[in-house]
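# A structural walkthrough
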Amino acid sequence: MGRHATPDPEPAPDQPTGNRLVRHVVLWLGRIGLGLVVGAGTLGVLRWAGTSWTASLWIGATAAVVVLVAAWLASTVPGHDGPR
């Protein structure tokens, strides 16, 4: 993640606000999708290993939340063109 997940440079003043909103929504949908894949993968591996359903669900949900929080945190890092 790190600098690869940083926000884009400020858009040009002539760029419509709708494009920024769509880009932001698509970006977060991708992050949520990644969190769901990680959570489901964790759940599957834990069930395969014989862990109980309750523990597997809790751990899988926690893994999904950790991915979302890490993606959000990485997006707060200044971009390549940001102030240093």
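Quick note: structure is the one above.
Source: prediction; values computed, not measured.

## Some remarks on the overall build of the protein
- Within the protein, the secondary structure is distributed over two helices and zero strands.
- Here the protein, with 84 residues, has 18% of them falling under the buried criterion.
- The contacts of the protein with a sequence gap of at least 6 include a subset with a gap of at least 24, amounting to 69%.
- Looking at the protein as shown, the accessible area adds up to about 6300 Å², and 71% of this sits on carbon and sulfur atoms.

## As for helix α2 (residues 53-75)
- Relative to the 33 Å expected for 23 residues at 1.5 Å per residue, α2 spans 33 Å between its end C-alpha atoms, a close match to the ideal helical length.
- Inspection of α2 places Ser56, Gly60, Ala63, Ala64, Val67, Ala71, Ala74 and Ser75 among the buried residues, and these make up the whole buried set.

## Some points on a nonpolar patch on the surface
- Taken together, Leu21, Val25, Leu29, Ile32 and Leu36 make up a surface patch of nonpolar side chains, about 490 Å² in accessible area.
- Along the chain, leucine 21 falls in helix α1 (residues 17-48).
- Using a relative accessible area of 54% as the deciding quantity, one classes leucine 21 as exposed.

## What to know about the packing of aromatic side chains
- One pass over the structure, following the stated rule, counts zero aromatic pairs.
- Of note, arginine 31 hangs over the ring of tryptophan 28, and the distance from its end group to the ring centre comes to 4.6 Å.

## Let's talk about the environment of glycine 60
- Structurally, glycine 60 is set in helix α2.
- Discounting chain neighbours no more than four positions away, the residues touching glycine 60 are Gly39 and Thr42.

## Focus: the side chain of serine 56
- For serine 56, the position within the fold is in helix α2.
- Look at serine 56 and you get buried, because its relative accessible area is 0%.
- A polar side-chain atom of serine 56 sits 2.8 Å from the main-chain carbonyl oxygen of serine 52.
- Those residues in contact with serine 56 that lie beyond four places of it in its chain are Leu43, Leu46, Arg47 and Thr51.

Parameters and conventions
- Residues numbered from 1 in each chain as written.
- Predicted model: local features only at pLDDT ≥ 70, side-chain atom pairs only at ≥ 80, totals over all residues.
- Heavy atoms only, no water.
- Helix = DSSP H or I, 4+ residues; strand = E, 2+ residues; numbered from the N terminus.
- Buried < 20%, exposed > 50% of the residue type's maximum accessible area, 1.4 Å probe, protein only.
- Contact = heavy atoms within 4.5 Å.
- Areas by Shrake-Rupley, 256 points an atom, 1.4 Å probe, with all protein chains shown as cover.
- Expected span 1.5 Å × (residues − 1).
- Patch = residues over 30% accessible without salt bridge, like charges linked within 9 Å, V, L, I, M, F, W, Y side chains within 5 Å.
- Salt bridge = Lys/Arg side-chain N within 4 Å of Asp/Glu carboxyl O.
- Phe/Tyr/Trp six-rings, centres within 6.5 Å; stacked < 30°, edge-to-face > 60°.
- Lys NZ or Arg CZ within 6 Å of the ring centre and 35° of its normal.
- Polar contact = N/O pair within 3.5 Å; in protein donor to acceptor, adjacent residues only side chain to side chain.

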